[in-house]
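Descriptive analysis of the structure
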Amino acid sequence: MKAIELAKAHFKTLQTKTIEVVEWGDENGPLLIYVEPFTLKDKAKLQAVTKVSGSEIDALVELVVMKSLDKNGEKLFTIDDKHALRNAVDSRILERISTEIMRVDFGSLEKN
């Protein structure tokens, strides 16, 4: 098997990550954010946002908008939500979510 096929096969084994956001929960429990594995395409998009805006904060908001999904794989946030995420949401929670999105699960890497 070619190296690229091996690499693609490995990528398919990566798990969707679940992030619990208790602070944004309701009577049914915490908000669950599902995140698919981070790619170089995602990284390039974040770098472009940072280059244009000059702001790491804009990249943080872009990351949360870009990668946050519901249980059905639908986007939780849209471009229209960016203003509210920058100005009307607890920055500590956004920072925690973005950190979790970027965090590598070394346990799952060792299994593969």
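Note that the structure is a prediction, hence the values are computed from the model and not measured.

By the secondary structure assignment, Leu60 is in helix H3 (residues 56–67). Along the sequence, Leu60 and Leu85 sit 25 residues apart, while their C-alpha atoms lie 9.8 Å from each other. Apart from residues lying up to four places away in sequence, Leu60 is in contact with Leu94, Glu95 and Ser98.

So, about the pairing of strand S2 (residues 29–35). Note that strand S1 (residues 17–26) and S2 share 6 bridges and pair antiparallel. Pairing of Ile19 across the sheet is with Ile33, part of S2. Two successive antiparallel strands, S1 and S2, enclose a turn made up of 2 residues.

The subject of this paragraph is the environment of Ile57. Along the chain, the position of Ile57 falls in helix H3. Placed 16 residues apart in sequence, Ile57 and Lys41 show a C-alpha to C-alpha distance of 19 Å.

Quick look at the nonpolar core now. By size, the foremost hydrophobic cluster in this structure holds 17 residues, and its most contacted members are Ile19, Val21, Ile33, Leu85, Ile97 and Ile101. For this core, the elements supplying multiple residues, two or more each, are S1, S2, H3 and helix H5 (91–102). If one sorts the elements of this core by residue count, H3 sits on top with 6 residues.

Another aspect to go through is the pattern of salt bridges. Evaluated as defined, the whole model comprises 8 salt bridges. The closest approach of N and O atoms between Lys8 and Glu5, which form a salt bridge, is 3.7 Å. Remark: Glu5 and Lys8 occur in helix H1 (residues 3–13); sequence separation between them is 3 residues, near one turn of the helix. Take Lys8: its relative accessible area is 43%, and that puts it in the partly exposed class. A salt bridge links Glu100 to Arg103; the nearest nitrogen and oxygen atoms lie 2.3 Å apart. Residue Glu100 is classed as partly exposed on the basis of its relative accessible area of 24%. Shared partners join several salt bridges into a network, and the residues in it are Lys45, Glu62 and Lys82.

Right, let's get into the side chain of Ser68. As for its position among the elements, Ser68 is in the loop between H3 and helix H4 (82–87). When its relative accessible area of 0% is taken as the criterion, Ser68 is described as buried. In this structure the side chain of Ser68 is engaged in a polar contact, spanning 2.6 Å, whose partner is the backbone oxygen of Val64. Residues in contact with Ser68, not counting those within four places in the same chain, are Ile33, Tyr34, Glu74, Lys75, Leu76, Phe77 and Ile101.

Let us look at the side chain of Lys67. Looking at the element boundaries, Lys67 is found in helix H3. Overall, the relative accessible area of 7% leaves Lys67 in the buried class. For Lys67, the side chain forms a polar contact with the side chain of Asp42, separated by 2.8 Å. Setting aside residues no more than four positions away along its own chain, Lys67 makes contact with Tyr34, Val35, Glu36, Pro37, Phe38, Asp42 and Ile101.

About the cut-offs
- Residues numbered from 1 in each chain as written.
- Predicted model: local features only at pLDDT ≥ 70, side-chain atom pairs only at ≥ 80, totals over all residues.
- Heavy atoms only, no water.
- Helix = DSSP H or I, 4+ residues; strand = E, 2+ residues; numbered from the N terminus.
- Contact = heavy atoms within 4.5 Å.
- Pairing = 2+ DSSP bridges.
- Core = buried A, V, L, I, M, F, W, Y, C linked by side-chain atoms within 4.5 Å.
- Buried < 20%, exposed > 50% of the residue type's maximum accessible area, 1.4 Å probe, protein only.
- Salt bridge = Lys/Arg side-chain N within 4 Å of Asp/Glu carboxyl O.
- Polar contact = N/O pair within 3.5 Å; in protein donor to acceptor, adjacent residues only side chain to side chain.

Just geometry here; none of it tells us what the structure is for.
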